[in-house]
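Per-entry structural report
What follows is the residue order along each chain.
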Number of protein chains: 4
Amino acid sequence: MNKNTSLVSFPFKVEDVDVFVNNIRTAASLPVVNEVLCVGAEKNECYKKAQKKVMQDPCLKDKNITFKVQERLGSKRPGKGDGMNTALKYFVENSNCRRIHFYDADIKNFSYKWVLESERSANMGFDVVRHYFPRARTDAMITWMITKTGFSILFPDSQLPFIEQPLGGELLMEKKVAEKLISDKDVIIQSDWGIDTIYTYKMIKNRFSMYEAYMSEGKSHSLYPGLDSLESMLYECFCVIYNLKDKKKKIKHIKHRIEHASSVSNEVEHKLGFDIQKTLLLLKQGWTEKQFELLEFFPGEVRDNMKKNKEIPIFDFMDDAAWYKTYKTMLENFVQGDKDWRKLIFKLWVARVLWYTTNVALKGYDFSFMHLYRMIDNYARVSKNVETNDTFQAPEV
Amino acid sequence: MNKNTSLVSFPFKVEDVDVFVNNIRTAASLPVVNEVLCVGAEKNECYKKAQKKVMQDPCLKDKNITFKVQERLGSKRPGKGDGMNTALKYFVENSNCRRIHFYDADIKNFSYKWVLESERSANMGFDVVRHYFPRARTDAMITWMITKTGFSILFPDSQLPFIEQPLGGELLMEKKVAEKLISDKDVIIQSDWGIDTIYTYKMIKNRFSMYEAYMSEGKSHSLYPGLDSLESMLYECFCVIYNLKDKKKKIKHIKHRIEHASSVSNEVEHKLGFDIQKTLLLLKQGWTEKQFELLEFFPGEVRDNMKKNKEIPIFDFMDDAAWYKTYKTMLENFVQGDKDWRKLIFKLWVARVLWYTTNVALKGYDFSFMHLYRMIDNYARVSKNVETNDTFQAPEV
Amino acid sequence: MNKNTSLVSFPFKVEDVDVFVNNIRTAASLPVVNEVLCVGAEKNECYKKAQKKVMQDPCLKDKNITFKVQERLGSKRPGKGDGMNTALKYFVENSNCRRIHFYDADIKNFSYKWVLESERSANMGFDVVRHYFPRARTDAMITWMITKTGFSILFPDSQLPFIEQPLGGELLMEKKVAEKLISDKDVIIQSDWGIDTIYTYKMIKNRFSMYEAYMSEGKSHSLYPGLDSLESMLYECFCVIYNLKDKKKKIKHIKHRIEHASSVSNEVEHKLGFDIQKTLLLLKQGWTEKQFELLEFFPGEVRDNMKKNKEIPIFDFMDDAAWYKTYKTMLENFVQGDKDWRKLIFKLWVARVLWYTTNVALKGYDFSFMHLYRMIDNYARVSKNVETNDTFQAPEV
Amino acid sequence: MNKNTSLVSFPFKVEDVDVFVNNIRTAASLPVVNEVLCVGAEKNECYKKAQKKVMQDPCLKDKNITFKVQERLGSKRPGKGDGMNTALKYFVENSNCRRIHFYDADIKNFSYKWVLESERSANMGFDVVRHYFPRARTDAMITWMITKTGFSILFPDSQLPFIEQPLGGELLMEKKVAEKLISDKDVIIQSDWGIDTIYTYKMIKNRFSMYEAYMSEGKSHSLYPGLDSLESMLYECFCVIYNLKDKKKKIKHIKHRIEHASSVSNEVEHKLGFDIQKTLLLLKQGWTEKQFELLEFFPGEVRDNMKKNKEIPIFDFMDDAAWYKTYKTMLENFVQGDKDWRKLIFKLWVARVLWYTTNVALKGYDFSFMHLYRMIDNYARVSKNVETNDTFQAPEV
């Protein structure tokens, strides 16, 4: 193994080629980066154009840059998971670099700082470095409402609910971490959007030490997933949580340091994560008889209010306590692969997001994050049976 | 006239008697206050209890405190206008005090500072002193969307659109101002919620100098008007603006100073002015054939989108430009006393308020006020024909 | 006169030629700008290089761009005043443009917006448009402590103390304003740093209507004046105020609108206006016997504490009340042209600035401006004899 | 051991008796509190008055409240350490409560929430709960510059430098923690201000799990230590750090959760921690020949600049890098008990605090904490030899 060298990996599908190749250039130019690996979802136009551009760039002539189509390693929907696992496998089997970095190919403000900050923290002796960023108050709604909520219900004693951005795709691993992950069947099968969740879970489970580095300039990327992708993402992220529900709850604590966040820019403070009008209209769509039946599993208030959405958008009941009960019901009764469950979970989440937006996010940026952190803390307490749902309360300011 | 003495007037109807009497006590205890005048809407329980409490209070024995039922002076719905005008009349005809103060009877945090700050500024030589307060970003939606918008369309060159809180009920006048107002027929007839608007207009029109004093602690009062009162208030405020549309537009500038506002408390920053879920549902209610016909007066986009609200709440079209055109249409085609116009204007305003809430207020407290001030400035420019609607743009930050 | 055309004028001395020529290009490229006038302090290297660059630029071939050395019009130290007056004279005598704009030549972030925003506001019918900017909390210490304080003491009833940035060099005038100024002897003689103060005073005195336009991106310029220039600037600005002390105090109010300011960027919030350590050391420097004698004019506390500065920096006595008395003493006893007065005023101001920095600026950005606005308001009240010094108090928050 | 019962302990010396007895009442009234223990530094007036007041209070008749003079357990200056250790000993030997709480006797806004929040978090299974508070930006200068800096230099890999308020006196321990501490000679000897540091160190060293609970309302207490106490406090806190310098550096990580902080009130944001003018003057005081000799141990820049302070205050050299080198020099050359070292360290710290105040604190509240957290992180990196001093840089915003 080549001490002090790193491989930078970009999983990609359809990207802005200029942005992508620029990021390759930035990574390749760093002395610590020995190899750049671009893993494409398929050999599409973007793949060919980017590869061609790289080959023709005289500055990249002597650089070690590999293009590769992702292998079909997993058993879920073929997606980002296959891409990341392909990169991990390559890193373990074919590269003599010491560390692997992952970055999304579409980061417009990618710079040498992203790589170097990770390396700085890894030099402190951490096995894993995860980047985290300032985010709009209505962004990251799958992270907060699905992933962190799920972790706090299932693993209230662990560090899992308190990892800043458990779905983040910008991370660094020492080789031993990659080796462990790639040899784990739960990881290999996760070929879809669930990959980030399973990586995060396994890192903590296997007690790799972790540093979370704060990138104050934020991540500016091109494409917000359309509402279709959002539904897949939500569903696939929830499925991983669901599959963890029978795992042993006791997880030993690891060395884990979170860099202090700074105050955010006006731009981030004023940003909106989604379109409220369009989201409202989703509540009325795609109802089936079967979904009405599934609602019978849920507490009366949730059931009755959700049913009204076939006519008119109603979301004001889905407060922190209601969402906790809703999530528990989902964990108990969900049937993997069932299309109506999938559609219903999406609508329940939409109601939850609208409650949060109109009752919390509207009150201010700092207030929103205060509320979200308190919410996760409360969920963990209730889940441990040391407190009840009734103690939920708005944070004081 | 007794130099350096003031009359403090509380118009009231149904109030928390303890709060009310406490405010009377606070006012009466000040050396500068020679007389307290309580004008009740009617001789109801609150009137009797408060009067009794005052009479039995030994501390108030030597104080000059008058209770009075408001006279029927005006010709609109009997309301707050009759109350304020009754006080003005009493002040001019029966009191030898030099200045009159008005305060709402239900201010929970009323203190000697309210009176003294007004007096301080009046001592500088201003004829009128108006209090203004930090407000929640979704508060004051009639002020911004009806009164200030109307002033900026009708009197773009004047100071009217730039008065901080033209509907504010906390103000001080020198006797000459009271005399002028009470001798004006437009003022006397305005017995309803329109009274504040007409006072403000007449003060500027008659070129009384004005100081706007900032009360950083804000005004905490008991009752938010129910949605019914809100509709009356909106309607009656709009009617006054409508009746000003043929007045001469040229108004000379007066001495006018606005005290600098301070940064607001976390409490005000986090406060919400209304319930979004309930407000959303209002868009579906009370549609009639006639209202659909009235919508034909409006620009295509406004008309078509508003019609959808009979089924599902749609508000995302009502941006600054659309509201400008909507307001102009209202000014041109409105028929006073028509119930369908009244209901339609209410729903148009609800759509406007929801657009603002989800597209502006959600982005932050400072951002919201920046937007509102720019909006009024833009409306004045367009109304003066020096710019067009197309130049509307979000403020930069 | 050519309707709807403007002349843009850049007074300059020694500037970054690239920045300067770029700004000329920006101005010249606008359809509304018919002429660009560059008035140099002298025919130095910068003058020659900039002129050459302009002449060789093919894009500027057809543009009307004039270079001119400033005339010796005034009787004070030859400086910026001669430059601006030369431009005014040229505009009145040689140009058929309708409006003149002034911009500093060294603004790094100059853009078409600066010109167009002024034009927008002038189109509303305002005679003068002044730009104002977000500034660091420890910036503008001459503006607040000398100019605004002086205006509030001498003209407490007027709008003068409440003009946002009375020393600002970015402004637009209609031709009638320029004509009035250039025909006024008080203006013509003011060849030094006092020019901005006299322009501001004369605009208000002659009742030209004024719009203050907020440029949220701020002004980023290259050179902070060294401490030597700062002393000249301070002295020359104070001299103009001193010379206004016998002018008639009654000034009628004009149409005056101030655009609402937005929340500032993190950059401005975190900026420091000067070096505290270096400034501290100034308090010990250059004391003479004569200065100790002059201190006898001042109130005991000011006198005694200032004397200690010969040994060790003492500034904690120079609060709002002490500065008010100090300023009054300066206005009464100052002798123009006396070098010891000049040095003493500088040290008094340094003590004042240090008091403000350590007792106010340190408490926060918003807090600082709240304090400064309240201070000016208080000074005006005391000066009008409606209140006494004792009422000075820290603003509540 | 009595499950679910707690002992609340108040160490005290000379306090406001009303505040103190009120706090006793608040604690005693809680069902979970079985016993209140007041440990006085001596049997002074305050002791007697408080005890008498408690005995005469009918509401406290049935409560288990003990007054006790602190034992002479340690070998340092008799002080707070003896008080806290006396309480620990009593708790272990005489009480059957399960948990002990410590609170300062002089907290004016003490309420049931302080106790209950600790209990809530202990119920989650944490061995130690520490309160932390929003603090003024210029408060806590011993914590940041002495304790956290020292921990980051000596134990860069551990959690010690990242404990929010390692000198905080509000904490809860399970019995096993108390037993461990009270049986440790290093703890017992620490009778002075060093007690908090040694408690914190031993908790981490012995791997007790820790929760840091955020009290958003802050701690309002009566007495700011005079400058004399400050010197003792600084000196005694540094001595503990100095004595840890030969301890084994490898400390295993424990379960440690920090509750998310909320945005602070305007009051805290505007608060100043100390008087700059008075602090400045300290730099000139008490210089001896010996101190000049000790300065020879220090890097040239520190040595030469510090010497100038005999004449005039100079502090602008003591940036993050200079303080790091200064601290290392102190750790290497300090002689315990030497009065000149004590005086010199105090002045070095004053210079450091002034550098921080004028270069960092002045830039803003959030900015200050950002800087302080980054500083500790940087110190840990340099100490681990993975980076050099040169990489210190201002945080970006």
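Owing to the predicted nature of the structure, the values given are computational and were not obtained by experimental measurement.

**Regarding the interface of chain A and chain D**
Listed per partner, the contact involves 34 residues of chain A and 34 residues of chain D. Between chain A and chain D, roughly 3100 Å² of surface is buried when both sides are summed, and carbon and sulfur atoms account for 47% of that area. Sorting the residues of chain A by area buried against chain D places R120(A), M124(A) and H260(A) first, and these three jointly supply 21% of that buried surface. At the boundary of chain A with chain D, the tally comes to 4 salt bridges. Note that D157(D) is salt-bridged to K255(A), the shortest N-O span being 3.4 Å. At the junction of chain A with chain D, the criterion picks out 17 residue pairs in polar contact (both at pLDDT 80 or more). Elements that contribute at least two residues to the side of chain A that touches chain D include exactly α4 (112-123), β7 (210-214), β8 (256-258) and α16 (365-383) of chain A. Tallying contributions element by element places α16(A) first for the side of chain A that touches chain D, with 9 residues. Classifying every residue of the side of chain A that touches chain D gives 11 nonpolar, 10 polar and 13 charged.

**Concerning a positive patch on the surface**
Together, R207(A), K252(A), R207(D) and K252(D) make up a region of like positive charge exposed at the surface. Structurally, the position occupied by R207(A) is in the loop between α8 (195-205) and β7.

**Some points on the sheet that holds strand β7 (residues 210-214) of chain B**
Residues and elements named next belong to chain B. If you walk across this open sheet you meet the 8 strands as β3-β2-β1-β4-β6-β5-β7-β8, and the pairing is mixed. Strands with a single pairing partner mark the edges of an open sheet, and in this sheet they are β3 (65-69) and β8 (256-258). Adjacent strand axes in the sheet meet at a mean angle of 20° when their direction is disregarded. Its contacts with the sheet put helix α3 (residues 80-94) on β1 (2-12), β2 (33-40), β3, β4 (97-102) and β6 (171-174), and the angle it makes with β4 is roughly 170°.

**Focus: helix α15 (residues 339-359) of chain D**
Residue and element names in this part refer to chain D. If you check α15, its first and last C-alpha atoms are 30 Å apart, about what 21 residues at 1.5 Å a residue would give, namely 30 Å. Counted residue by residue, α15 has 17 buried out of 21 residues, so it is predominantly covered. N-capping of α15 is provided by D338, with a side-chain oxygen placed 2.7 Å from the backbone N of D340.

**What about the relation of the copies chain B and chain D?**
Mapping chain B onto chain D is achieved by rotating through 180° and translating by 0.1 Å along the same axis, at an RMSD of 0.0 Å. As the rotation angle and translation indicate, the two copies are arranged about a two-fold axis.

About the criteria used
- Residues numbered from 1 in each chain as written.
- Chains lettered and ligands numbered in written order.
- Predicted model: local features only at pLDDT ≥ 70, side-chain atom pairs only at ≥ 80, totals over all residues.
- Heavy atoms only, no water.
- Contact = heavy atoms within 4.5 Å.
- Buried area = accessible area lost by both parts, 1.4 Å probe.
- Salt bridge = Lys/Arg side-chain N within 4 Å of Asp/Glu carboxyl O.
- Polar contact = N/O pair within 3.5 Å; in protein donor to acceptor, adjacent residues only side chain to side chain.
- Helix = DSSP H or I, 4+ residues; strand = E, 2+ residues; numbered from the N terminus.
- Nonpolar A, V, L, I, M, F, W, Y, C, P; charged D, E, K, R; others polar.
- Patch = residues over 30% accessible without salt bridge, like charges linked within 9 Å, V, L, I, M, F, W, Y side chains within 5 Å.
- Areas by Shrake-Rupley, 256 points an atom, 1.4 Å probe, with all protein chains shown as cover.
- Lys, Arg positive; Asp, Glu negative; His and termini not counted.
- Charge placed at Lys NZ, Arg CZ, Asp CG, Glu CD.
- Pairing = 2+ DSSP bridges.
- Axes fitted to C-alpha atoms, helices over the stretch in contact; angles between N-to-C directions.
- Expected span 1.5 Å × (residues − 1).
- Buried < 20%, exposed > 50% of the residue type's maximum accessible area, 1.4 Å probe, protein only.
- Least-squares fit on C-alpha atoms with pLDDT ≥ 70 in both.

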